[in-house]
Amino acid sequence: MKVQPHKPDSEPGSEQADNLFDNLPHTLPEQAKTLYFNAYHWYVDHHGNNPELAHQAGMAAVMEHYERDEQTGDWRKK
C-alpha cells in the first residue's frame, strides 16, 4: 500500500492524534506512528470512516516498513 501525503485536521502530537495512538504499541517509533497516522487518514478520506479497517490499513503500512523484535517487543526499520 502506497501512502499518499496527508494533511489531516489533527497532526501527530495533538490530543485527537494521541487518542488514536492509544491503541498502538507503545514501542512504536515516532516515524512509524506518523506513517500509521497518515495511512489511517488516507483510508478514511478515500473509503469512509471505518475505524477498524482504517486501523488495519495503518498497521499494514507500518508493517511494510517496520518489524517487531519478538524478544524485546521493540519495532525497527526493515
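Predicted model only: the values in this text are computed from it and were never measured. (Residues numbered from 1 in each chain as written. Predicted model: local features only at pLDDT ≥ 70, side-chain atom pairs only at ≥ 80, totals over all residues. Heavy atoms only, no water.)

Moving on to the overall build of the protein. Scanning the protein for helices and strands turns up 3 helices and 2 strands. For the protein, the sequential pattern of α-helices and β-strands runs α-α-α-β-β. Within the span of the protein, comprising 78 residues, buried residues form 37% of the whole. Carbon and sulfur atoms form 46% of the exposed surface of the protein, whose accessible area is close to 5,200 Å². (Helix = DSSP H or I, 4+ residues; strand = E, 2+ residues; numbered from the N terminus. Buried < 20%, exposed > 50% of the residue type's maximum accessible area, 1.4 Å probe, protein only. Areas by Shrake-Rupley, 256 points an atom, 1.4 Å probe, with all protein chains shown as cover.)

So, about helix α3 (residues 51-65). The terminal C-alpha atoms of α3 lie 21 Å apart, and with 15 residues this matches the ideal 21 Å at 1.5 Å per residue to within 8%. Those residues of α3 that fall on the buried side of the exposure criterion are Ala54, Ala57, Gly58, Met59, Ala61 and Val62. Buried residues in α3 make contact with α2 (30-47), β1 (66-68) and β2 (75-77). (Expected span 1.5 Å × (residues − 1). Contact = heavy atoms within 4.5 Å.)

What follows deals with the pattern of salt bridges. Here the structure, examined in full by the defined rule, presents 4 salt bridges. With a closest N to O distance of 3.6 Å, glutamate 70 and arginine 68 form a salt bridge. A single salt-bridge network, built from bridges that share partners, covers Glu67, Asp69 and Arg76. (Salt bridge = Lys/Arg side-chain N within 4 Å of Asp/Glu carboxyl O.)

Turning to the packing of α2 against α3, a few remarks are in order. The geometry of α2 relative to α3 is characterised by a closest axis approach of 8 Å and an angle of 140 degrees between their N-to-C directions. The angle between the axes of α2 and α3 places the two elements in the oblique class. The chirality of how α2 crosses α3 is right-handed. Note on element contacts: α3 touches α2 through Pro51, Leu53, Ala54, His55, Ala57, Gly58, Met59, Ala61, Val62 and His65, opposite Ala32, Leu35, Tyr36, Ala39, Tyr40, Tyr43 and Val44. Here the residues of the contact of α2 with α3 are counted per class, giving 14 nonpolar, 3 polar and no charged. (Axes fitted to C-alpha atoms, helices over the stretch in contact; angles between N-to-C directions. Parallel < 35°, antiparallel > 145°, perpendicular 65-115°, else oblique. Left-handed = near helix turned anticlockwise from the far one by under 90°. Nonpolar A, V, L, I, M, F, W, Y, C, P; charged D, E, K, R; others polar.)

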